[in-house]
Amino acid sequence: MRKFSGSDAPLGEYSTVSGQTIRAEESGGRAMSQQQYDANQGAVPPSPDPSGNPTPPSTPSNPQYAADPAADVPQTGVTFTPKPDMSRRRIKRIVVGAVALVAVVIVGTIALTVANWTSTPEAKVRQYLDLLADGKASAATAMVDPGLPDDQRGFLSDKVMASASARIEVEDVTVDDEENSKERVVEATIRLGGERFTHWFRVSEEKKTFGLLTNWKIENAMIERVFVEPRKVTHFSIGGEKMSVATLTESSSAYIVLYPGVYTVTPEETGEYIDAEPQTVLVRGNEDFDSTRTGPRVYLEGVYNDKVAAAALEAMGPLINSCASVSGRTDTACPGAISSRPLSFLELKTMPTTVSVADGGVYVAEPTYTIQGTLSGSKRHDMTFRVTAKLKTDKDGIPELDASGKPQFDVRFG
């Protein structure tokens, strides 16, 4: 048999090295494995020993780099192993995102349900009534338009409602059974000033917000027309909000508008000679949908005070004194018993110090004269006459004053 050296042995043949027969392909495979190991480790294969015996490879200093038999398997490509931490983080992000999305959907659904629940017809009416109960007139007006021109909104203010001695107390709010109707009737039971009454609201469905949130609109504001009828009063106020009688009577409405409450209507600018007491009015709001219903009336009655009576007595003085003189007694304004016959004696015995009041601003006093005729046998005797002083006023009963600011009268005997 032909002998080859270990390096020259052809594949599939056998060679003998140092008394050992080695198959060439196994030798070649181990040589390749050793070279791969050397390339990986950066080591150089040792030179053969002079004795002809192969020198074993040096052992790496670090045991973890020791050759492993499994390393002899030939590698046909490069293999990458994915990092497990990156995969876990990616999965965690996906899970967290999914949970957050579910949470948003749940919260949004709950919020939408709650929003629609709080936007029912009865909830809308209760919100409106709570504003009126708290005296928030401006917010109530913004929520439900009263449908009035600007000149009729003067008393629909927070200041006026703050002056009310009582405001509404809401006892119950219910709605009709027509759940699918776009127009509903809401009934509110209310207490005010010790009285209980019912008010009905018309509520209609509006366009939904974002196509999801239900909206309701109150069609009829809870307001009341109040008719103020002044006598001898030029101005009046409620809660400091003042209006002239002229403005009221010359307007087409001739009434004021108020939110529910118990209000005090106070006469203003009555002047020095008129007294007028404040009046209280209970305003409940319209009890039905008929806007033509007549509301409550307030009568502001002015009366002439004692200063007018004193002025009337003072105005009587010149005529009473004139008729007691010889030169003035013939005035036709004097009583006929004094002015129409000759007198031998004439004297004012008593000047009146008080007056009585008749209707229509008429004041009455009674002076007494002592007189004696010229006929033979005539005796002195006393005569009492009636003097009237009628106050001059304008069409509203307001006294007309002279340049000095005193009332003017029409004085005469009669």
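In the block above lies the structure referred to throughout.
In this report, we go over the structure that sits alongside the text. The residue numbering used here restarts from 1 in each chain and proceeds along that chain's sequence as written. Given that this is a predicted model, residues contribute local features only at a pLDDT of at least 70 and side-chain atom pairs are listed and counted only at 80 or more, while totals for whole chains, interfaces and linings are drawn from all residues. Side-chain calculation: all heavy atoms of the structure are included, whereas hydrogens and water are not.

Moving on, we come to the state of the cysteines. What makes a disulfide is a covalent bond joining the sulfur atoms belonging to two cysteines. The criterion for a disulfide is a pair of cysteine sulfur atoms lying within 2.5 Å. Throughout the structure, instances matching the rule amount to one disulfide. The residue that forms a disulfide with Cys323 is Cys334, at a sulfur-sulfur distance of 1.9 Å. What sets the handedness of the Cys323 and Cys334 disulfide is the S-S torsion sign, and at about -95 degrees it is left-handed. Here Cys334 lies in the loop between α7 (306-322) and α8 (336-339) and Cys323 lies in the loop between α7 and α8, a separation of eleven residues in the sequence. Each member of the pair, Cys323 as well as Cys334, is classed as buried. The secondary structure listing takes helices from DSSP runs of H or I that are at least 4 residues long and strands from runs of E that are at least 2 residues long, numbered from the N terminus. Only protein chains enter the area calculation, which uses a 1.4 Å probe; residues under 20% of their type maximum are buried, those over 50% are exposed, and those in between are partly exposed.

Attention now moves to helix α3 (residues 121-133). An expected span of 1.5 Å times one less than the residue number is assigned to each helix. For α3, built from 13 residues, the straight-helix expectation of 18 Å at 1.5 Å per residue is met to within 8% by its first-to-last C-alpha distance of 18 Å. Every buried residue belonging to α3 is among Pro121, Val125, Tyr128, Leu129, Leu131 and Leu132, and all of these are buried. In a view along the axis of α3, the buried residues occupy a sector of 155 degrees, so they form one face of it. A positive phi of about 75 degrees marks Gly135, the residue just after α3. Directions are taken from the helix axis to each C-beta atom, and the arc is the one they span.

What follows covers the pairing of strand β20 (residues 387-391). Of all five residues in β20, four are buried; the element is thus mostly enclosed. Examined bridge by bridge, strand β17 (residues 362-365) and β20 share four bridges and lie antiparallel to one another. Bridging from a neighbouring strand, Val364 pairs with Thr388 of β20. Strand pairing follows a simple DSSP-based rule, namely that at least 2 bridges must link the two strands. Where β20 lies against strand β21 (residues 409-413), five bridges are found, and the strand directions are antiparallel. Within β21, the residue paired with Ala389 across the bridge is Val411.

Purely geometric stuff here, so don't read any function into it on its own.
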